[in-house]
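# Notes for the structure review
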Amino acid sequence: MLSDILYYCVYASAVLIYGIGLDRTLCVSKKPSSVFIPCLKMLICVSATSALVFLIENYMLVPARLTELYPFFAVIIFTLIAVFVEAIIRITTKTDMAEFSVSLLCVLLGLCEGGTIASCVIISCLAVVVYFIFIPILHAIRQRIDLSPVSVDCKNESVIFISMAIIMIVLLAWNVSWLNPEAFRW
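Residues numbered from 1 in each chain as written. Predicted model: local features only at pLDDT ≥ 70, side-chain atom pairs only at ≥ 80, totals over all residues. Heavy atoms only, no water.

Turning our attention to the nonpolar core. Of all hydrophobic cores here, the largest spans 43 residues; its most connected members are Cys106, Leu111, Tyr131, Phe132, Leu138 and Met164. When contributions to this core are tallied by element, the ones reaching two or more residues are helix 3 (36-61), helix 4 (70-93), helix 5 (101-113), helix 6 (117-147) and helix 7 (157-172). For this core, the leading source of residues is helix 6, giving 13 residues. (Core = buried A, V, L, I, M, F, W, Y, C linked by side-chain atoms within 4.5 Å. Buried < 20%, exposed > 50% of the residue type's maximum accessible area, 1.4 Å probe, protein only. Helix = DSSP H or I, 4+ residues; strand = E, 2+ residues; numbered from the N terminus.)

Packing of helix 5 against helix 6 leaves a shortest axis separation of 7 Å and a crossing angle of 145°. For helix 5 against helix 6, the interelement crossing comes out right-handed. Contact residues: Val102, Cys106, Val107, Leu109, Gly110, Leu111 and Glu113 in helix 5; Cys120, Ile123, Ser124, Ala127, Val128 and Tyr131 in helix 6. (Axes fitted to C-alpha atoms, helices over the stretch in contact; angles between N-to-C directions. Left-handed = near helix turned anticlockwise from the far one by under 90°. Contact = heavy atoms within 4.5 Å.)

Moving on, we come to the packing of aromatic side chains. One pass over the structure, following the stated rule, counts three aromatic pairs. With a centroid separation of 5.7 Å and an interplanar angle of 75°, the aromatic rings of Phe72 and Phe73 are classed as edge-to-face. (Phe/Tyr/Trp six-rings, centres within 6.5 Å; stacked < 30°, edge-to-face > 60°.)

Attention now goes to the state of the cysteines. One pass over the structure, following the stated rule, counts zero disulfides. Free cysteine Cys39: the closest other cysteine sulfur is in Cys125, separated by 9.1 Å. (Disulfide = S-S within 2.5 Å.)

Turning our attention to the pattern of salt bridges. For side chains bearing opposite charge, pairing can occur when the charged atoms are close. What the rule picks out here adds up to two salt bridges. Taking the shortest distance from any N to any O, the salt bridge between Glu86 and Arg90 comes out at 3.1 Å. Linking Glu86 with Arg90, this pair stays in helix 4, spanning four residues, or about one helical turn. What makes Glu86 buried here is its relative accessible area of 10%. A relative accessible area of 45% means that Arg90 is categorised as partly exposed. (Salt bridge = Lys/Arg side-chain N within 4 Å of Asp/Glu carboxyl O.)

With that out of the way, let us pick up helix 5. The end-to-end C-alpha distance of helix 5 is 18 Å, a good match for the 18 Å that 13 residues give at a rise of 1.5 Å each. For helix 5, the full list of buried residues reads Val102, Ser103, Leu104, Cys106, Val107, Leu109, Gly110 and Leu111. Of the surrounding secondary structure, the elements contacted by the buried residues of helix 5 are helix 2 (22-28), helix 3, helix 4 and helix 6. (Expected span 1.5 Å × (residues − 1).)

With that settled, consider the packing of helix 3 against helix 4. Axis separation between helix 3 and helix 4 bottoms out at 9 Å; the angle between their running directions is 150°. One way to sum up the angle between helix 3 and helix 4 is to call them roughly antiparallel. Helix 3 and helix 4 meet at a crossing whose hand is right-handed. Every residue of helix 4 that contacts helix 3 at Ile37, Lys41, Ile44, Cys45, Ala48, Thr49, Leu52, Val53, Ile56, Glu57 and Leu61 is listed here: Tyr70, Phe73, Ala74, Ile77, Phe78, Ile81, Ala82, Val85, Glu86, Ile89 and Thr93. In the contact of helix 3 with helix 4, the residues fall into 17 nonpolar, two polar and three charged. (Parallel < 35°, antiparallel > 145°, perpendicular 65-115°, else oblique. Nonpolar A, V, L, I, M, F, W, Y, C, P; charged D, E, K, R; others polar.)

Of the residues in the protein, 86% have a pLDDT of 70 or more, and the chain-wide mean is 81. Across the protein, the element-wise mean pLDDT spans from 71 in helix 1 (residues 2-11) up to 91 in helix 3. (pLDDT = per-residue confidence, 0-100.)

Let's shift gears to the environment of Ile5. With respect to the helices, strands and loops of the structure, Ile5 is situated in helix 1. Residue Ile5 is classed as partly exposed on the basis of its relative accessible area, which comes to 31%. Linking Ile5 and Ile123, residues 118 residues apart in sequence, is a C-alpha distance of 7.6 Å.

Below, the structure is given as structure tokens:
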């Protein structure tokens, strides 16, 4: 279980490797506000949807040999749960937290990669957490670029994408075989 957590938080980050929420992360990182309530809402929706769709898939779709329909059920169940949680959050906090694509993609990632219900929910929730962890990192990169004496032509999204590519290479560099001391045994 710990290896799954480390794998999906660092090595196979949903934002860096799969690109889940990359465009949304770039938009939110311009002016990050409090991320606690959106993160809580997404975690509730994603964990509930992952668990329900996993159970439907294993106990209804697999016996009927209709496993290719699980994304359809995921969209329907996620929409119902998200509308319910959104209504509760709007009533209690008076804020709008509508987010669909990132949450649904996290659910689909967990359903595709999880073998048990626990691993499915953990993978889905870790994808959401990594998404929200990456927002302050991109905000810091944006502030650093704004402070740099680079010409105005270079201050755009391309520098941020290059920075993200460098972060991804740094996170993935430990898995390269030539860095492994066992590769050079004589």
